Structures are given as structure tokens and as C-alpha cells.
Amino acid sequence: MYNKKLRKFVKTFSVSVLSLGLVFGAINAPIFAPQSVYATEQAKVYYDDFTVVDLKKDGKLSDTYLNSLEAAFKQIFNIGSTDKVLEFMCAKQLDENGLTVMKIPADDHANYDINNYWTEDGVRMLQITSKKAKKNDRALVMYHGGAAAIGLSWSTHGGVLKAMADKGYDVYAVDYHTTKEYKKDGTAYNYKDITEEGLKAYLHVLKKYKANSIDMWGDSYGGNLALATDVQLMEKNIGQPANIMLVSPWLNLASASESYTVNYESDVLFCNDFLEVCSALYADGDDAMKPEISPYYASYIKAKSNFHFVAGTTERLLSDTIDTARKLRKLGKNVEVTLFEDVMHDIASQTGLGVYEADEVYRCVTKFMDTVPQGEKQNPYWIDMGGSYWG
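The text that follows walks through the structure, step by step, so that each part is easy to find.

Definitions and limits used
Residues numbered from 1 in each chain as written. Predicted model: local features only at pLDDT ≥ 70, side-chain atom pairs only at ≥ 80, totals over all residues. Heavy atoms only, no water. Pairing = 2+ DSSP bridges. Helix = DSSP H or I, 4+ residues; strand = E, 2+ residues; numbered from the N terminus. Axes fitted to C-alpha atoms, helices over the stretch in contact; angles between N-to-C directions. Contact = heavy atoms within 4.5 Å. Buried < 20%, exposed > 50% of the residue type's maximum accessible area, 1.4 Å probe, protein only. Expected span 1.5 Å × (residues − 1). Polar contact = N/O pair within 3.5 Å; in protein donor to acceptor, adjacent residues only side chain to side chain. Right-handed = clockwise from strand over helix to strand, strands pointing away. Bend = angle between axes of the 7 residues up to and from the residue. Salt bridge = Lys/Arg side-chain N within 4 Å of Asp/Glu carboxyl O. Core = buried A, V, L, I, M, F, W, Y, C linked by side-chain atoms within 4.5 Å.

Description of the sheet that holds strand β9 (residues 335-340)
Right, on to step 1. If you trace the nine strands from one edge of the open sheet to the other, you get β1-β9-β8-β7-β6-β4-β5-β3-β2, paired in mixed fashion. Looking along the sheet, the strands with just one partner apiece sit at the ends: β1 (51-53) and β2 (112-118). With direction set aside, neighbouring strand axes in the sheet form an average angle of 20°.
Right, on to step 2. Strand direction decides the pairing type here: strand β7 (residues 243-247) and strand β8 (residues 306-312), joined by five bridges, are parallel. When the sheet's bridge partners are listed, Leu-246 is paired in β8 with Phe-309.
Right, on to step 3. Contacting β2, β3 (124-130), β4 (139-143), β5 (170-174) and β6 (214-219), helix α6 (residues 191-206) crosses the sheet at an angle of about 170° to β4.
Right, on to step 4. The strands touched by helix α10 (residues 318-330) within the sheet are β8 and β9, with β8 carrying the most contacts at an inclination of about 155°.

So this is what it looks like as C-alpha cells:
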């Protein structure tokens, strides 16, 4: 009974776990079949040229991983249509300054300096530093996921933010306006507004740090915004970040790459119209294949950063990772790709919440950051070939 209801729900209006704030704890009657999260024998996207890591033990993913899925589905089971899901997940309580009201535990205030503010260019920013960790004299600009419609740095990515601060980073999380927020003229924010905010946020940090002392993190839609920002830096001949970490990046908003079809049934989160609905909000009537909307179609000839892509083998967005990484490799760029067998979309957003797979993916990403050369001058793969930035 529950399994049939859940499958119907997932097919119609499930959303990414990263947007849910996740509820953990004892869960009684299961509402989905755990075996549904594993790959089937169906045709699959070719990715044998990349490193694949299997985190399963005795052929199974961890109980905390499965429980996090179950809790997420249980939380939104009775919400309704995609529009109602978005309405529920997008609700934000703002203070008198227009900043998002955050519930920050006392322990976090004791261990971290947390500054929620507007930049001089009108971008909401959350700055986090650890009071205990040794500073590494580096900044991290973080673009959170949420299909450009939902999500908030602290509520959906607090574990990642604290983990990065604990590594010594001066963390700047960008709480860009989403497509479910409205400007004074009553129109919704779209890709033009949000990519402009993404660039302004980076430039704000660039006033405090040199480019080769800045790293970027972007997961899901945040990966899109990270690359869109990087392409704008190429276009304007502004210093690019040393390293860009892309976790399950959503780069092809036209849903036109191979895995959107091949992995439709195996992706337990996006076997529905959620991506397409959010893409339409973001593009706002423009062609989703425009490189400014879908960095999947951009040119990276002038890219100078080191890139690390991470994705799960069963997610619909898999081709966004492997195709873009191959494009960068063909241009001679420094690119690493790590794929995790049967792991769901953007699992790293659950870092620090007791999910084994999430912590392992996070360790993989940060290991890359610790070992690659820092800064564009040390990148032996960079070749200046000229050309257009938006393809």
C-alpha cells in the first residue's frame, strides 16, 4: 500500500533531499522499497573512462542513507502537486532587513562566527569561520543547490558549511534570490538576475582575497551557478578561482543529455517533472539551451581553474557531469571525476548529519582540494586558445 502510494508520489512531485532539511530518527513502517535505489540491468550511460567508487557494504547502502530518503518522502508525502511542493519548500521568513531568519543552535554560535548580511551590491551572503580551526588563508565561495527555486545555505547545507569552516576556510555562502521570489515590480527572479548575483558574490570575495586563494563549491543548481560565474569571469578577464568543486551539477536545463532519459527510472528523486518545471521558471521563456542558462553548452577554452566533478551513477544529471568533464579534458584542462555507484543526487549536502555515504563523498571532494596545485599559474593543463566563452 505504502510502496504504491510512494511510487505514485515520486513520479509526480518528489524533490531533492537537499531541500528538505532532513528529519532523522526512528522510522516505523517503511514507505518505499530500499531496492529501488539500486541500478537495474537497463541500458546505462557510458562512464568507464572515469573513476567509480562503490560505497556499499555487503551489497547494501547504509541504513542512515536509506532512512534519510524515507524521512524525506514521509515529510512531504501529503503536500500535493509540484507547485504546492515548491510553495511549501520556498517559504522564507525574512527579518526587517530582508535577510532570512535562521535558527542557529547555541553550540554553533559558540564554535563559529556567523555573519548574515547584504553585500554592497545587494547579494545576501552568509559568512562562516571556525573559532577553533587554524585558518588556511583561503576563502570558499559556496553556491547551494535547490533547482534555483528552493534551498537556503544554512538550513540545507549547514553541515557542509561547518565542515569547510573547520578546514580553516573563510566560507561565503551565497543566498541568491530564487525563482520563487519576486522583485519590487512583481516579476520573478530569473537566470539573468541570479547569474548576476553569482558574479557579484564572487567579486565581493575577490576584494578580500586573491583569485588563487579562492575555491568554489557548487552542488546541483549551485554547480550551474558556479560554472556560469566562472564563464563570466573568463569573458571579463577577471581572475578565476583556483579550484572548482562540482557535486551533481545541474548543467543541462533542457534535459537533453543522455542520462535524463536513460536514468529516468533509476533516479529515485527526479523520476518526475520537477526538473522541467524548475527549468521553465529559471529560463523564463528563453531557450534553455542558451549557455547562460545551461553551462553544459558553454565554451571553456579560457578556463584556468582545477575542476573536480562528483556524481552518482543512477542520477538523471549524470551526463551533465561526464559530458562537461570530457569537454574540459579535451581542452587540456585539469579535471578529476569521481562517480559513486548507486548513490543519489547531491548526497554530499548531508555532510555532518551521520550519513556514511555523504561524509565519504565530502572527503573525496576535499581531498582533491588539498592535493591539486593552487592557482592558475601552477596549472600545467591551461592552454590559451582564445575564442568565445558562451560557446
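Re the environment of Trp-250
Right, on to step 1. Along the chain, Trp-250 turns up in the loop between β7 and α8 (259-262).
Right, on to step 2. Here Trp-250 falls in the buried class, since its relative accessible area comes to 1%.
Right, on to step 3. Here the alpha-carbon distance between Trp-250 and Asp-320, two residues 70 residues apart in the chain, equals 6.5 Å.
Right, on to step 4. Apart from the residues within four sequence positions on either side, Trp-250 is in contact with Ala-147, Ser-220, Tyr-221, Asn-224, Tyr-260, Leu-275, Cys-278, Ser-279, Leu-317 and Asp-320.

Side note on helix α7 (residues 221-236)
Right, on to step 1. Taking 1.5 Å of rise per residue, 16 residues should cover 22 Å, and α7 covers 23 Å from first to last C-alpha, within 8% of that figure.
Right, on to step 2. Most of α7 sits inside the fold, with 14 of its 16 residues counted as buried.
Right, on to step 3. Two residues or fewer past α7, Asn-237 is found with a positive phi of approximately 55°.

Side note on the side chain of Ser-294
Right, on to step 1. Looking at the secondary structure, you find Ser-294 in the loop between α9 (274-283) and β8.
Right, on to step 2. Ser-294 gets classed as buried once you look at its relative accessible area, which sits at 0%.
Right, on to step 3. At a separation of 2.9 Å, a polar atom in the side chain of Ser-294 contacts the main-chain amide nitrogen of Leu-253.

Focus on the pairing of β6
Right, on to step 1. Within β6, six of the six residues are buried, leaving the element largely enclosed by the surrounding structure.
Right, on to step 2. Burial of the side chains of β6 extends over both faces: Ile-214, Met-216 and Gly-218 are buried on one face and Asp-215, Trp-217 and Asp-219 on the other.
Right, on to step 3. Examined bridge by bridge, β4 and β6 share five bridges and lie parallel to one another. Each bridged residue has a counterpart across the sheet, and for Ala-139 the counterpart in β6 is Ile-214.
Right, on to step 4. As paired elements, β6 and β7 share five bridges and run parallel to each other. The residue bridging Gly-218 from the neighbouring strand is Leu-246, located in β7.
Right, on to step 5. Regarding the hand of the β-α-β motif, the stretch spanning β6, α7 and β7 is right-handed.

A short note on helix α5 (residues 153-166)
Right, on to step 1. Under the 1.5 Å per step criterion, the end-to-end length of α5 is only 16 Å for 14 residues, more than 12% shorter than the ideal 20 Å.
Right, on to step 2. Its axis deflected by about 55° at Gly-159, α5 carries its strongest bend there.
Right, on to step 3. With 11 of 14 residues buried, α5 is to be regarded as a mostly interior element.
Right, on to step 4. When we look at burial in α5, the residues that qualify are Ser-153, Trp-154, Thr-156, His-157, Gly-158, Gly-159, Val-160, Leu-161, Ala-163, Met-164 and Ala-165.
Right, on to step 5. In the stretch just after α5, Gly-168 is the one whose phi turns positive, near 105°.

Here we look at the pairing of β2
In regular strands, side chains alternate between the two faces of the sheet.
Right, on to step 1. Inspection of the sheet shows β2 paired to β3 by seven bridges, in the antiparallel sense. What sits directly across from Tyr-112, in β3, is Ser-130.
Right, on to step 2. Counting the residues in the hairpin turn of β2 and β3 gives five residues, including Gly-122, whose phi is positive at 80°.

Focus on the pattern of salt bridges
Oppositely charged side chains may form a pair once their charged atoms are brought near each other.
Right, on to step 1. With the rule as written, the count across this model stands at 10 salt bridges.
Right, on to step 2. Of the charged contacts in the structure, one is a salt bridge between Arg-138 and Asp-215, with a shortest N-O distance of 2.9 Å. Pair noted here: Arg-138 is in the loop between β3 and β4 and Asp-215 is in strand β6, with a separation of 77 residues, a long-range link. Of the two residues, Arg-138 and Asp-215, both sit in the buried class.

Observations regarding the nonpolar core
For soluble globular proteins, nonpolar side chains are generally found buried alongside one another.
Right, on to step 1. With 99 residues, the main nonpolar core has Ile-128, Trp-217, Trp-250, Tyr-300, Phe-307 and Phe-309 as its most contacted residues.
Right, on to step 2. In terms of residues, this core owes the most to one element, α7, which gives seven residues.
Right, on to step 3. Once you skip the residues sitting within four places of it in the chain, Trp-217 turns out to touch Leu-140, Val-141, Met-142, Tyr-143, Val-160, Met-164, Met-245, Val-247, Ala-348, Tyr-362 and Val-365.

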